[in-house]
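Residues per chain, in single letters:
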Amino acid sequence: MPIEQPDARVIRRQLITVWLVSLVIFGFGSSLVYSGSTWLLDAFQWEVTRTLFLIALPFVGVVFALLMPLHWYRPIHRYLIAIKAPQTLKRQEWKPVLEHTVRLPGGVTFSISIGFLIVFLAVTLGVHEIAQQPLIEMAKALPAIPLVASMAGVYCYFGTEQALRPVVIWCHQQTHHRPKILQISLATKFVLLVYG
């Protein structure tokens, strides 16, 4: 049974939406909520904290959660455009695209996790330098780094994987046989992704 060709614009829009939602929810939401519930700061230190988050998060977030993943997505996008004109498409071009598609969620997860690490370290060190944040308050930020980075990474992994599912199905259809895929539960994937 033939499967409809994936639409490049729809998939790119879904990917950008997943990455931006992750940046907003986990970047601003979780980060500020965690900081607000653990740090004991005066009014000036809070103002510096909010200002640094508003400066660092969009800059680092755009680079690590949007531009780098979009750059890695470009070969997939070019393939999706090319399948609209099949006379220009070589039969074997789907193989590297499938490899790219399968690797992209892991790359996005790593990228956004590194981005959140940079943001948390920059904000914590900036608040310490500018507003003389006590060292004990700096230490309270350390658990937030893996917490927020792993939540954002897991969300991006599964969101990216879901958005790219039509591409994977299309590439598998080109092989005329289904490759063996290890079937593991969603809970196992989550645990391996967060703690593996």
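Residues numbered from 1 in each chain as written. Predicted model: local features only at pLDDT ≥ 70, side-chain atom pairs only at ≥ 80, totals over all residues. Heavy atoms only, no water.

Asker: What am I meant to see in unusual backbone geometry here?
Answerer: Apart from glycine, the bulk of residues carry a negative phi angle, and the bulk of peptide bonds sit in the trans form. The phi dihedral of glutamine 132 falls on the positive side, at around 50°, and the residue is not glycine. As for its position among the elements, glutamine 132 is in the loop between helix 3 (94-131) and helix 4 (135-139). (Helix = DSSP H or I, 4+ residues; strand = E, 2+ residues; numbered from the N terminus.)

Asker: It is not clear to me how empty space enclosed by the protein should be interpreted in this structure. Could you clarify?
Answerer: Vacant regions in the atomic arrangement are exposed by a probe of water-molecule size rolled over the atoms. According to the stated counting rule, one finds one cavity of 30 Å³ or more in the structure shown. Taken as a whole, the largest cavity spans an internal volume of roughly 40 Å³. Around the largest cavity sit Leu23, Leu57, Val60, Gly61, Phe64, Ala65, Ile112, Gly115, Phe116 and Val119, which together line it. Of all the elements in the fold, those that place two or more residues in the lining of the largest cavity are helix 2 (43-82) and helix 3. Counting residues per element, the lining of the largest cavity draws most heavily on helix 2, which supplies five residues. Looking at the lining of the largest cavity residue by residue, the classes come out as eight nonpolar, two polar and no charged. (1 Å grid on protein atoms, 1.4 Å probe; cavity = no way out; pocket = protein on both sides within 12 Å on 5 of 7 lines; lining within 4 Å. Points joined across faces, edges and corners; volume = space filled by probe spheres on them. Nonpolar A, V, L, I, M, F, W, Y, C, P; charged D, E, K, R; others polar.)

Asker: Mind showing me how you'd approach the nonpolar core here?
Answerer: For soluble globular proteins, the rule of thumb is that nonpolar side chains tend to be buried together. Formed by 45 residues in total, the largest nonpolar core has its most connected members in Tyr73, Tyr79, Leu80, Phe116 and Val167. For this core, the elements supplying multiple residues, two or more each, are helix 1 (8-38), helix 2, helix 3 and helix 5 (144-175). Looking at this core element by element, the count peaks at 13 residues for helix 2. Aside from chain neighbours lying at most four places away, what touches tyrosine 73 is Ala8, Ile11, Arg12, Leu15, Leu80, Leu104 and Leu164. (Core = buried A, V, L, I, M, F, W, Y, C linked by side-chain atoms within 4.5 Å. Buried < 20%, exposed > 50% of the residue type's maximum accessible area, 1.4 Å probe, protein only. Contact = heavy atoms within 4.5 Å.)

Asker: Hey, could you run me through the packing of aromatic side chains in this one?
Answerer: In this description, a pair of aromatic rings is defined by centroid distance and the angle of the planes. Evaluation of the coordinates by the stated rule reveals four aromatic pairs. Ring centres of phenylalanine 53 and phenylalanine 120 lie 5.9 Å apart, and the angle between their planes is 85°; on these two criteria the pair is classed as edge-to-face. With phenylalanine 53 in helix 2 and phenylalanine 120 in helix 3, this residue pair connects regions lying 67 residues apart in the sequence. Phenylalanine 53 sits in the buried class, given a relative accessible area of 1%. With 5.2 Å between their ring centres and 90° between their planes, tyrosine 157 and phenylalanine 158 make a pair best called edge-to-face. Neither tyrosine 157 nor phenylalanine 158 differs from the other in exposure class; each is buried. (Phe/Tyr/Trp six-rings, centres within 6.5 Å; stacked < 30°, edge-to-face > 60°.)

Asker: Please explain the pattern of salt bridges as it appears in this structure.
Answerer: Applying the stated rule across the entire model yields two salt bridges. Salt-bridge contacts for arginine 50 lead to glutamate 47; the nearest nitrogen and oxygen are separated by 3.3 Å. Of this pair, arginine 50 and glutamate 47 both sit in helix 2, three residues apart, roughly one helical turn. Residue arginine 50 is classed as partly exposed on the basis of its relative accessible area of 39%. Here glutamate 137 ties to lysine 140 by a salt bridge, and the two come within 3.2 Å at their closest N and O atoms. Classification of lysine 140 as partly exposed rests on a relative accessible area of 27%. (Salt bridge = Lys/Arg side-chain N within 4 Å of Asp/Glu carboxyl O.)

Asker: How should the packing of helix 2 against helix 3 be read in this particular structure?
Answerer: A pair of packed helices is captured by two measures, namely the crossing angle of their axes and the spacing between those axes. Orientation of helix 2 relative to helix 3, taken along the N-to-C sense of each, is 165°, at an axis distance of 8 Å. Here helix 2 is positioned roughly antiparallel relative to helix 3, judged by the angle of their axes. The chirality of how helix 2 crosses helix 3 is right-handed. Here the residues of the contact of helix 2 with helix 3 are counted per class, giving 30 nonpolar, eight polar and no charged. (Axes fitted to C-alpha atoms, helices over the stretch in contact; angles between N-to-C directions. Parallel < 35°, antiparallel > 145°, perpendicular 65-115°, else oblique. Left-handed = near helix turned anticlockwise from the far one by under 90°.)

Asker: Looking at this structure, how should I read helix 2?
Answerer: Residues lying three or four places apart along an α-helix face the same way, a consequence of the helix completing one turn every 3.6 residues. Compared with an ideal rise of 1.5 Å per residue, which puts 40 residues at 58 Å, helix 2 spans 56 Å between its outermost C-alpha atoms and is within 8% of the ideal. Two to three positions downstream of the cap, the backbone nitrogen of phenylalanine 44 sits 3.2 Å from a side-chain oxygen, assigning the N-cap of helix 2 to aspartate 42. (Expected span 1.5 Å × (residues − 1). Polar contact = N/O pair within 3.5 Å; in protein donor to acceptor, adjacent residues only side chain to side chain.)

Asker: In this structure, what is going on with the confidence of the model for the protein? I would like to understand it.
Answerer: Chain-level statistics for the protein give a pLDDT mean of 81 and a share of 83% at 70 or above. Here helix 6 (residues 186-195) stands out as the element of the protein with the lowest mean pLDDT, 64, in contrast to helix 2, whose mean of 88 is the highest. (pLDDT = per-residue confidence, 0-100.)

Asker: Got a minute to help me understand the environment of glycine 27 in this structure?
Answerer: Along the chain, glycine 27 turns up in helix 1. The exposure class of glycine 27 is buried, given its relative accessible area of 0%. Sequence-wise, glycine 27 and proline 58 are 31 residues apart; in three dimensions their C-alpha atoms are separated by 8.9 Å. Beyond its immediate stretch of four places on either side in the chain, glycine 27 contacts Ser22, Leu32, Phe53, Leu57 and Phe116.

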